[in-house]
Structure formats: C-alpha cells, structure tokens
Amino acid sequence: MNKLAYRLRTYRSVVGMNIKEMLAYNLWFWSQLGAHLFLTIVYVSFWKALYSERETIAGLTMQQTLTYIILARMIAPLVQWGYTQEFGYWIREGTISSELLRPVDFQERIFVGHLTRTFIALAQQLLVTGSFAVLVFDIRLPTDPLIWLSFLISLLLGCSILFCFDWIFGCVAFYSTEVWGLQVVRGSILMLFSGVLLPLTMLPSSLQTVAQWMPFAQSVSIPVSLLSGITPLDQLGSIWLQQLAWLAAMLMLSRLMFQFSVRKITVQGG
Amino acid sequence: MRRYSKLYWYFVIQRFKILMEYRLNFFIGSISTILFQAASIVALWAVLRQVPSIQGWTLEQILLIYGLLTLSKGINHIFADNLWVIGRDYIRPGQFDRFLVRPINPLFHLLADRICHDAIGDFIVGFSLVGYAMVKLQLPITLASIGFIILMVISGGIIFIALNLITAATAFWIMDSIPVTNLVFSTNEFAQYPLTFYHRSVGILLTWLLPYGFASYYPASYLLGHSIGWMAWLAPLVALVCITIAYRFWVFGLKHYGSTGS
C-alpha cells in the first residue's frame, strides 16, 4: 500500500513537471506575442497621433506608413541579432575546429541553416502577428501574388546580403574573441538604418545617404517598401539589380575575409 | 538596517571585483544602453523635425517624458535586475535554496547578489534628456523642481521594482517567470509618450493597473504646468501601495516554494 502511494506521488510529480514545462514553453510564446502586440499598439497610436493634424509626412499617407511600420516590426526580429554571437561561441568553445572539418562548405552550410530558420520565423510572424495586424489594426496587405513574390525574393536577397555582412563581422571574433559588444553596436545601428523604426525617406538626407551605404536597409526597408506599396512594382528591375550587386560584393568580401582570418585561429581549450 | 546596508556594500564591492576582471565588457555594457536608446531618439527627432508638434506636444516635451521614464527604469535596472532571472538562474538550478539557509532576508540576498552596471547608460541618457528638455523649455531649475523630480523618479523606480517583484514571484509556481515579467514590463513602453496619444483604456490601464504613467507622464505634465491637480503628487503613495502588495505576494509565494531538488 505504501509502495503504491509512493509511486502515485512520484507520477504526480512527473505529470506536474511536464505540465509546468509545457506551460513555461507556451507562456514564452504567448508572452512574446502579447508584448509584440502591446508594442504595435504603441507605434500605431504614435503614428496616428502624428497624422492627426496632417495628410502626409515626407510624401507618405497614414495608411502607407502604418502598413510599413507594422511589417517592418515583424521583419525586425528576424534580422535584429544575426549570428555574430554564435560565431564567437564556436571560437571560444573551440567547436569551430569540428565545424571546419566537416566535408561540406562551412559558409554554405551555415547559410542554408540560417535562411531556413529565418523563413520559418517569417511564416510564424506573418501567420500570427500578420493576422493581428489585419484584424486589429485594419492594415490592408496586398492581394496581388506578384507583389508577395517580389517581396519574398527581395527579402531573400536582403537576408543573404546581411548574412555576408555578419560573416565578415563575425570574423572579427577570430581576433578579439569578444563579440557581445560588437553585437550591441550592430543591433543599434541596424535599428535606425535598416528602416525598422521609421520609413527611411523620413530621415534627413545626410542620414539617408549613410543608410544607403550600409547593408541593413537591403533586408528591411527595401522588401517592406515593396510589400506596403511605397515602392511601385515597376522599379523592381533596378532594385533587384542593386541587391544582386550588393550580394556579389559582400559575398566575395566575406569569402576573402574568412580565408584570411581563419589562419589566425586560436582554439582556446577546444 | 545598519547591518543590511553594510552587507549591501560588501555585495557591491564583490560584484565590482568580478566586473573589473573584464574591463572591456564592463565598459561596453555601460555604453550599450546609450547606443540603443540613441537609435530611438534619433528616429523620434527625425520625425518631429518635419512636424512642429503632435497633438500639441513638442519634441522637447516628449523627451522630458521619455527621460523621466528612462531614469525610473534605470533605478529598477541597477538595483533589481536580478528579479528577471530568479527562475532561470536561481530556482531551476537549485541556487535559490542557499538563500533560505542564510540568516538574511532571501529577497535582500537576491537583489544584492547582482547589481547591474548596465544601468549607468540609462542614467546618462535619462539625465541628459531631462536636463536638455528643462533648459530648452525654459522650465525653472530650482531646488523645488529638482526635489520634485528626484521624488518622482524614486517613486517611479519603486513602481517598476514592485511590478517586476510581483511577476518574479510567479516563479515559485511556474519556475521560469521571465515570460510573465516580460509581458507586464513591456507595457511600460506606452509610458514613453503622452498618455493622451492612446485610447482612453490605455490611459486607465497605465494609471490604475500597471501604474507606469506615474513614472513619466504625470510628473512631466506637472513640470510643464498642465493642470492635473492632485495626480501630480500621487506617485509616492502609488509606489508605497504597489511595493507593499508586491512584497506580500512575494512572501506568499515563498511559502509555497518547493525546491526543484537539483
């Protein structure tokens, strides 16, 4: 009898732990969704207040700006932190040595993994936050599949450009092993110059020029402008050409930089 | 009381010894918050450069609200940042149990265990914004106004700590409280702009339920000479009520704490 009670008690704990774990996981999901929703209400209210006394700001109507902001905020978490941290981790922990020994191209493999994660996260964002945006904030997303397709291609190109940039950036870890600070600097600059906080056309022209010469706008501002209808589709050719040029240059630089700095490797206790 | 302040001092010294082992990290940590806030402030400036005001609020007035909130947040950040990670870093790995066998208050021990130097950036940004706004708006900088600001910032800081304490105490039941804390804490972003920008329900929420408004909007309105009557002086009382409720809830949670046994 005593044994039975003991076992029952044990199982009760097991069930309890599992529920707690599930709950904790679910809580993460819902809390992040909730926080995102709160933030979106803050931005929407801010921009609505801004537009309350005027029709357009920097040539954009309220509907255009709101659609842009909500979409840009949805893309932001996908590009905010990059993987410089992981890079530093591999080097610090010494796992980089086994990463390099695998019989596939290192950069290619990481790239594929990175893109997969990004686009799965995008699908989640679009499904959950996207439906909120449409239902709660009355945002009109385009129905033309062509716009969606061009958005996706432009985002793919943009994320690849950013990937190469982060790769170059991550190579600094071979020299410094300290990447957290770099990460913060990158995140802050990205916030402003990628167009997450506001459409880039609203920046003063000097800052717009700075934004143009940084890769961050390629991954947020350019695709989101397409999707929110700020950039008309007839400019698609020149946009893709520009993105391809960026990509080619960044790709070449990133390969060179990696080949150069991997020689510097000091595996610390790996 | 004297014993606790002495103890706190020892904890602070220990913490700084650890931080000074990694000087570069210490420095970067301190300025990282500045950079991060700078991005938002530049964006705000870029927009408001094109419009004279939003519903009657000028850039400087909004910066005053923003600055006050940042200072209150800084107080919470420097003294109570450990509340965020109570579940992940203490309860789950069984570390919390060591607080329970020591002859000091477990909450004190938790808070003193890690003061957070990143908050230095918050204070630099907050002070600069409030100072800039006060000068630009030609608000009187007198002993009275400085005293008022200090009182309100401390009250705001306590409100932040109280709300984080309540949400952190849920860790006694659900282990990891970061999602809950994160959800409640994120509503403070509403308080960085005038509450009049939002639907009325948001104003009520941020005044009576999650009273972050007392850390920014109400004191700023008083400084700007808006007629808000007794609401201007309510913050210390609200802070007192919040922290009392929060501490009671914490003690209640502590009684229900069963170790993870790891």
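None of these values were measured; they are calculated from a predicted model.

What counts and how
- Residues numbered from 1 in each chain as written.
- Chains lettered and ligands numbered in written order.
- Predicted model: local features only at pLDDT ≥ 70, side-chain atom pairs only at ≥ 80, totals over all residues.
- Heavy atoms only, no water.
- Helix = DSSP H or I, 4+ residues; strand = E, 2+ residues; numbered from the N terminus.
- Rg over C-alpha atoms; globule rule 2.2 N^0.38 Å.
- Buried < 20%, exposed > 50% of the residue type's maximum accessible area, 1.4 Å probe, protein only.
- Contact = heavy atoms within 4.5 Å.
- Areas by Shrake-Rupley, 256 points an atom, 1.4 Å probe, with all protein chains shown as cover.
- Lys, Arg positive; Asp, Glu negative; His and termini not counted.
- Charge placed at Lys NZ, Arg CZ, Asp CG, Glu CD.
- UniProt positions renumbered as here; feature names shortened; annotations may be inferred.
- 1 Å grid on protein atoms, 1.4 Å probe; cavity = no way out; pocket = protein on both sides within 12 Å on 5 of 7 lines; lining within 4 Å.
- Points joined across faces, edges and corners; volume = space filled by probe spheres on them.
- Nonpolar A, V, L, I, M, F, W, Y, C, P; charged D, E, K, R; others polar.
- Expected span 1.5 Å × (residues − 1).
- Bend = angle between axes of the 7 residues up to and from the residue.
- Core = buried A, V, L, I, M, F, W, Y, C linked by side-chain atoms within 4.5 Å.

Focus: the overall build of chain B
Now for step 1: Counting its regular elements, chain B contains 13 helices and 0 strands.
Now for step 2: Overall, chain B shows an N-to-C arrangement of helices and strands of α-α-α-α-α-α-α-α-α-α-α-α-α.
Now for step 3: Over its C-alpha trace chain B gives a radius of gyration of 19 Å, about what one expects of a compact globule, namely 18 Å for 262 residues.
Now for step 4: Principal-axis analysis of the C-alpha atoms gives chain B an extent of 60 × 40 × 35 Å.
Now for step 5: The buried share among the 262 residues of chain B stands at 56%.
Now for step 6: Counting contacts in chain B only where the partners sit at least 6 residues apart, residues at least 24 apart contribute 77% of the total.
Now for step 7: Roughly 12,000 Å² of accessible area belongs to chain B as shown, and the carbon and sulfur atoms make up 68% of that amount.
Now for step 8: With 17 positive and 10 negative side-chain charges, chain B shows a spacing of 7 Å between the two charge centroids.

A word on the side chain of S53 of chain B
Now for step 1: Inspection of the secondary structure puts S53 of chain B in the loop between α2 (23–48) and α3 (59–80).
Now for step 2: The class for S53 of chain B is buried, based on a relative accessible area of 16%.
Now for step 3: Discounting residues that sit within four places of it in the chain, S53 of chain B has contacts with E53 and R54 of chain A together with T58 of chain B.

Things to note about the UniProt feature "transmembrane region" (unreviewed entry) in chain B
Residue and element names in this part refer to chain B.
Now for step 1: Sequence positions flagged by UniProt for "transmembrane region" (unreviewed entry) are, in local numbering, residues 24–48, 146–175, 195–218 and 230–250.
Now for step 2: Between the end C-alpha atoms of residues 146–175 there is a gap of 42 Å, over a span that is 93% helix and 0% strand.
Now for step 3: Within the segment residues 195–218, helix and strand shares are 50% and 0% respectively, and the terminal C-alpha atoms sit 9 Å apart.

Comments concerning the layout of surface pockets
Residue and element names in this part refer to chain B.
Now for step 1: Put simply, the second largest pocket is a space of about 610 Å³.
Now for step 2: Counting only elements with at least two residues in the lining of the second largest pocket, the list comes to α1 (2–21), α3, α6 (106–113), α8 (143–169) and α13 (235–255).
Now for step 3: No other element matches α8, which puts 4 residues into the lining of the second largest pocket.
Now for step 4: When grouped by side-chain class, the residues that make up the lining of the second largest pocket number 15 nonpolar, 2 polar and no charged.

Focus on the environment of P103 of chain B
Residue and element names in this part refer to chain B.
Now for step 1: Within the secondary structure, P103 sits in the loop between α5 (97–100) and α6.
Now for step 2: For P103, a relative accessible area of 70% corresponds to the exposed category.
Now for step 3: Put simply, P103 and A246 are 143 residues apart on the chain and 22 Å apart in space, counted from C-alpha to C-alpha.

Let's talk about empty space enclosed by the protein
Residues and elements named next belong to chain A.
Now for step 1: Tallying each qualifying case throughout the model produces 1 cavity of 30 Å³ or more.
Now for step 2: The computed volume of the largest cavity comes to approximately 40 Å³.
Now for step 3: For the largest cavity, the full set of lining residues is L78, V79, G82, H114, C159, L162, F163, D166 and R186.
Now for step 4: Only α2 (62–79) and α6 (145–171) provide two or more residues apiece to the lining of the largest cavity.
Now for step 5: Sorting elements by how many residues they give to the lining of the largest cavity places α6 first, with 4 residues.

Brief notes about α2 of chain B
Now for step 1: Its 26 residues place the ends of α2 of chain B 38 Å apart at the C-alpha level, agreeing with the 38 Å of an ideal helix rising 1.5 Å per residue.
Now for step 2: Of all the bends found along α2 of chain B, the most pronounced is centred on I31 of chain B and spans about 30°.

A word on the nonpolar core
Now for step 1: Core analysis: the largest hydrophobic core is formed by 141 residues, its most contacted members being W47 of chain A together with L64 of chain B.
Now for step 2: Excluding residues that lie within four positions of it along the chain, W47 of chain A makes contacts with T65, L66, I69, L197, L198, P199 and M202 of chain A together with V47 of chain B.
Now for step 3: Formed by 13 residues, the second largest nonpolar core is a distinct cluster that contains I91, W167, C171 and F174 of chain A.

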